[in-house]
Amino acid sequence: MTLLHDLTGAPPGMTTRSLLLRLSAIGVVLAAGAGTFAYAGGWLSPGALTPARIVDRLEEVNGRHPGFRRNHAKGLCVSGRFAAGGAGARLSTASLFAAGQVTPVEGRVALAGGQPYAADAETTVRSLALRFRLPDGEEWRTGMNTIPVFPVRTPEAFYDQLLAAKPDPATGKPDPERLKAFFAAHPESAKAAALIKARTITSGFADSTYWGLNAFRFMAADGSATPVRWAAVPERASAPENAAQAARADKNFLFDDLAAQLRQGPLSWHLVATLGRPDDAVADATLPWPSDRETVDLGTLTLTGAEPETAGHCQDVNFDPLVLPDGIAPSDDPLLSARSAAYARSFTRRAGEEKSPSAVAAAPARGAGL
Ligand code: HEM
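Counting from 1, residues in each chain are numbered in the order their sequence is written. Owing to the predicted nature of the model, reporting of local features is limited to residues with pLDDT of at least 70; listing and counting of side-chain atom pairs is limited to 80 or more, with chain, interface and lining totals taken over all residues. Water and hydrogen atoms play no part in the side-chain values, which are based on all heavy atoms of the structure.

- In the annotation of an unreviewed UniProt entry, the protein chain is listed under the name Catalase-related peroxidase and assigned to Methylobacterium terricola.
- Turning to the protein chain, the UniProt annotation filed under Cofactor (unreviewed entry) states: "heme".
- UniProt positions are given in the numbering used here, feature names are shortened, and annotations may be inferred rather than shown by experiment. Entered under Function (unreviewed entry) in the UniProt record, the comment concerning the protein chain runs "Has an organic peroxide-dependent peroxidase activity."

And the structure:
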């Protein structure tokens, strides 16, 4: 057998012509592979939206803050457990939904935006990201926000909206003309913005509902797939935001309140899945599903502690929404793969950078025994 045959895996009796055909086929495959990578890197089409360009834009609007997440930059690590009630087991084979199963959870609460030292404000969107560690080494990672719908439908709109909403240094507010032009080009975002504006803002992290926003699919043992959106709904009654809170001198009052509440005892949320019907939008996170959709209480998430962001804690985690256990699958929502790719890019950048202390870890209240 010749070296050429070794490389192509061609049987020794193959003719030169068929050998050339096979080689050209290999060439096509290689070219296609190279094309895929070139596309992902944005090398072939300079105008293409890539994960790097999304993260560059986050840096452009927020400034560069080495070592920090490029979005949801200000945060605090939390930990606890998820106890399944068993109602999810008919919908999904994921082992964490089996009745009685208790799964350790690590997470992170944060404020949306790329400013790690911004003062806490009630109106800033809050988030809860979770990493469930299943017994067989599987993981489920999810990030949820305190808004009922997402402001954009596509990665391209996310990219455009970042610039449209960038505060003008002179006024501290977005340029109204630019914002108007964005909403005119994206009527779905104008509708979503109205729903987001109308939401009830609660007093803190502990009494907030966190929505997963993107649709996923629960895969059952019989092979059926159910479209779902999930949310963490607090057990604690929600109190409305209180204007006096924002007047406090403590610039980390939302995080400090949560840490103090956790020092007093655990906080619980119900993980609730809303089941979509076949004609419900799964690829448009700006659209709410009708309010009469069936909901299933999957179990109780209990947070028991908080730790400042440092190496070894949630600082080193990428809450990639496509890290899913068997029994949960992605939907066709185009935001999901864009999120996964952009989070990886943000993670890679921040992992290689010098770290500055988190604003939350530096707060005086942390000395009181976080
Ligand atoms: C194309 C759309 C989106 C892009 C490009 C994007 C981008 C990002 C980036 C770059 C990060 C920082 C990741 C890291 O360094 O670890 C982040 C964090 C986060 N995003 Fe998104 N995001 C998008 C949509 C969403 C949606 C739909 C949600 C819905 C729930 C969401 C929730 C979160 C949360 C909760 C975090 C904080 C995770 C943590 O605490 O580490 N994002 N996002």
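The structure having been displayed, the exposition proceeds.
**Examining the site of the ligand**
Then comes step 1: Being near a molecule or strand, for a residue, comes down to having at least one heavy atom within 4 Å of it. Around the ligand, 25 residues are found, and the nearest of them are Arg69, Arg108, Tyr343, Ser346 and Arg350.
Then comes step 2: In protein, a polar contact means a hydrogen-donor-capable atom and an acceptor-capable atom, both N or O and within 3.5 Å, with residues adjacent in sequence counting only if both atoms are side-chain atoms; elsewhere, any N or O pair within 3.5 Å suffices. In the model, an oxygen atom of the ligand is placed 2.5 Å from a nitrogen or oxygen of the Arg69 side chain.
Then comes step 3: Within the side chain of Tyr343, a nitrogen or oxygen atom sits 2.6 Å from a nitrogen atom of the ligand.
Then comes step 4: Listing elements by their share of the shell around the ligand, those giving two or more residues are α3 (51-62), β3 (126-133), β4 (139-145) and α9 (334-351).
Then comes step 5: Among the elements that take part in the shell around the ligand, α9 stands out by supplying seven residues, more than any other. Counting from the N terminus, the helices are the DSSP runs of H or I reaching at least four residues and the strands are the DSSP runs of E reaching at least two.

**A look at the coordination of the iron atom of the ligand**
Then comes step 1: Metal donors: N, O and S atoms at distances within 2.8 Å, or within 3.2 Å for Na, K and Ca, with water omitted from the atom set so that some sites may seem incomplete. Protein coordination of the iron atom of the ligand is limited to a single donor, Tyr343 (OH), which sits 2.1 Å from the metal.
Then comes step 2: Turning to its location among the elements, Tyr343 is positioned in helix α9.

**Regarding the layout of surface pockets**
Then comes step 1: Taken as a whole, the second largest pocket holds about 350 Å³ of empty space.
Then comes step 2: Surrounding the second largest pocket, 17 residues form its lining, Pro148, Trp211, Arg229, Thr274 and Trp289 being those nearest its centre.
Then comes step 3: Mapped by element, the contributors of at least two residues to the lining of the second largest pocket are β7 (225-234) and β8 (267-275).
Then comes step 4: With four residues, the single largest contributor to the lining of the second largest pocket is β7. The method works on a 1 Å grid over the protein atoms by themselves. A cavity is a set of points holding a 1.4 Å probe that cannot get out, a pocket is an open set with protein on both sides within 12 Å along at least five of seven lines, and residues with an atom within 4 Å of a point line them. Grid points are joined across faces, edges and corners, and a volume is the space filled by probe spheres set on the points.

**Here's the deal with the pattern of salt bridges**
Then comes step 1: Every case where a carboxyl oxygen of Asp or Glu lies within 4 Å of a side-chain nitrogen of Lys or Arg is listed as a salt bridge. Inspection of the entire model under this criterion finds 21 salt bridges.
Then comes step 2: The salt bridge involving Asp120 is made with Lys74; its shortest N-O contact spans 2.6 Å. In this pair, Asp120 is assigned in the loop between β2 (102-111) and β3 and Lys74 in strand β1 (residues 74-84), connecting sequence segments 46 residues apart. Comparing Asp120 with Lys74 shows no difference in burial state: the two are buried.
Then comes step 3: One salt-bridge network, in which partners are shared between bridges, spans Asp56, Glu59, Arg64, Arg70, Arg349 and Glu353. Accessible area is worked out with a 1.4 Å probe on protein chains only. A residue is then buried under 20% of its type maximum, exposed over 50%, and partly exposed in between.

**What about the packing of α3 against helix α4 (residues 155-164)?**
Then comes step 1: Structural elements are reduced to axes, namely lines fitted to C-alpha atoms, with helices fitted over the stretch in contact, and the angle between N-to-C directions of any two is expressed from 0 to 180 degrees. Between α3 and α4, the least distance of the axes is 10 Å, while the angle of their chain directions is 15 degrees. Overall, the two elements α3 and α4 adopt an arrangement that is roughly parallel. By crossing handedness, the relation of α3 to α4 is classed as left-handed. On α4, the residues touching Arg53, Ile54, Arg57, Leu58, Glu60 and Val61 of α3 are Phe158, Tyr159, Asp160, Leu162 and Leu163. Each angle receives one of four descriptions, namely roughly parallel if under 35 degrees, roughly antiparallel if over 145, roughly perpendicular if within 65 to 115, and oblique otherwise. A clockwise turn of the near helix away from the far one marks a right-handed crossing, whereas an anticlockwise turn of less than a right angle marks a left-handed crossing. Pairs of residues are marked as contacts when any of their non-hydrogen atoms sit within 4.5 Å.

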